[in-house]
Amino acid sequence: MIKHILFDCDGVLIDTEIVAAEVVTNWLISEGVDINVETFIADYTGKTFTDILEILKAKQLLAASTETREAVVFMDEEIRRNMRPIVGVKEMLSGVPVTASMVSNSAEDYVLEAIELLEANHIFQKRVFSAEMVPKGKPDPAVYLLALEKLNLNKEEVLVIEDSVAGVTASTAAGLKTVGFLGGTHVRNGHGEKLKQLGALDLVRSHKELTEYLSGI
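Everything numeric in this text was worked out from a predicted model, so none of it was measured.

Student: I'd like to hear about the overall build of the protein, residue by residue, with values.
Tutor: Scanning the protein from terminus to terminus reveals 11 helices and six strands. Dimensions of the protein, computed from the C-alpha atoms along their principal axes, are close to 50 × 35 × 30 Å. The buried share among the 217 residues of the protein stands at 53%. A sequence separation of at least 24 residues applies to 68% of the contacts in the protein between residues at least 6 apart. Surface exposure of the protein reaches about 10100 Å², of which carbon and sulfur atoms provide 49%. Within the protein, the 33 negative side-chain charges are centred at a point lying 4 Å from the centre of the 21 positive side-chain charges.

Student: Got a sec to walk through the pairing of strand S2 (residues 99–104)? Specific residues and values, please.
Tutor: Judged by how many residues are buried, S2 sits mostly within the fold: five of six residues are covered. Where strand S1 (residues 4–7) meets S2, four bridges bridge the pair, whose relative direction is parallel. The residue of S2 that forms the bridge with Leu 6 is Ser 101. As paired elements, S2 and strand S3 (residues 128–130) share three bridges and run parallel to each other. Along S3, the bridge assignment pairs Ser 104 with Ser 130.

Student: Provide a residue-level description of helix H3 (residues 49–58), including the pertinent values.
Tutor: Each α-helix winds once per 3.6 residues, and so residues spaced three or four apart point in a common direction. Looking only at H3, the buried set comprises Phe 49, Asp 51, Ile 52, Leu 53, Leu 56 and Lys 57. On its buried face, H3 sits against helix H1 (17–30), helix H2 (37–44) and helix H4 (68–80). Of the residues trailing H3, Gln 60 is marked for its positive phi of about 60°.

Student: Report on the sheet that holds strand S4 (residues 158–162), specifying residues and quantitative values.
Tutor: Reading across the sheet, the six strands line up as S3-S2-S1-S4-S5-S6 and stay open at both edges, with parallel pairing between neighbours. Each edge of the open sheet is held by one strand with a lone partner, namely S3 and strand S6 (202–204). Neighbour-to-neighbour, the strand axes of the sheet open up by a mean angle of 25°, direction not taken into account. Each of S2 and S3 is contacted by helix H6 (residues 108–117), which is oriented at about 145° to S3, the strand it contacts most. Lying over the sheet, helix H8 (residues 142–151) contacts S1, S2, S3 and S4, oriented at roughly 150° with respect to S3.

Student: Explain the pattern of salt bridges residue by residue, including any values.
Tutor: Throughout the structure, instances matching the rule amount to 11 salt bridges. Here Arg 81 and Glu 78 are joined by a salt bridge, their closest N and O atoms 2.1 Å apart. Given a relative accessible area of 24%, Glu 78 falls into the partly exposed group. Salt bridges sharing common partners tie together Asp 76, Arg 80, Asp 109 and Glu 113.

Student: Pulling in residues and values, what's your account of the nonpolar core?
Tutor: Most often, soluble globular proteins keep nonpolar side chains buried together rather than apart. If you look at the biggest cluster of nonpolar residues, it comprises 54 residues, and the most contacted ones within it are Phe 7, Leu 13, Met 92, Leu 93, Met 102, Phe 124 and Ile 161. For this core, the element with the most residues is H1, which contributes eight residues. Every residue in contact with Phe 124, bar those within four places of it in the chain, is listed here: Phe 7, Leu 13, Leu 93, Ala 100, Ser 101, Met 102 and Ile 115.

Student: Just give me the short version of the environment of Ala 147, but keep the residues and values in it.
Tutor: Within the secondary structure layout, Ala 147 lies in helix H8. Taking the relative accessible area as the measure of exposure, Ala 147 reaches 0% and is therefore buried. Along the primary structure Ala 147 and Thr 66 are separated by 81 residues, whereas in three dimensions their C-alpha atoms are 33 Å apart. Not counting chain neighbours up to four residues away, the residues in contact with Ala 147 comprise Leu 6, Val 103 and Phe 129.

How each quantity is defined
Residues numbered from 1 in each chain as written. Predicted model: local features only at pLDDT ≥ 70, side-chain atom pairs only at ≥ 80, totals over all residues. Heavy atoms only, no water. Helix = DSSP H or I, 4+ residues; strand = E, 2+ residues; numbered from the N terminus. Buried < 20%, exposed > 50% of the residue type's maximum accessible area, 1.4 Å probe, protein only. Contact = heavy atoms within 4.5 Å. Areas by Shrake-Rupley, 256 points an atom, 1.4 Å probe, with all protein chains shown as cover. Lys, Arg positive; Asp, Glu negative; His and termini not counted. Charge placed at Lys NZ, Arg CZ, Asp CG, Glu CD. Pairing = 2+ DSSP bridges. Axes fitted to C-alpha atoms, helices over the stretch in contact; angles between N-to-C directions. Salt bridge = Lys/Arg side-chain N within 4 Å of Asp/Glu carboxyl O. Core = buried A, V, L, I, M, F, W, Y, C linked by side-chain atoms within 4.5 Å.

Printed below as a string of structure tokens:
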């Protein structure tokens, strides 16, 4: 029996994955990295900015001397200025049949801002689990395992809603039932198949579909 839903933030509730792709891609290009938005979406969506920069440094595509923290702060500020809800999300949240939390690679204060934007404080009640709280963010399962521990829930009592390869990798590695959400503007053809291959049980293409799905849990 499902008692609790763990929502990812960006790409599920807030439509910032495409904004993030554009912001980070433009910054990387300015640093001499040969990349475009489509490549970024395919290879890096869902990972923390810190991890992305460290991956590129390890591949010697980005200078090792690059100040990661300064770059991440700049990109984070740019994305916050363009934060917007995904179509239909408020209506979906108003009908969530059980308690819910946010599990995100974004910073905790960013996620709390998102909850304010969604007018959803009464739903999440500041139940936020961020990559900042664990040694490694998604695709590592640590942040999901932390949520289970803090919420005192068993794996079979939880349902995860995720949109990214990194997110589904993390949630399924934690042993959690996961639904792939395809309603963000960053989603490209074939993305749903990738999420299914990683273990997503079902796919929904909009918040209307998600509302119908959740009504049956």
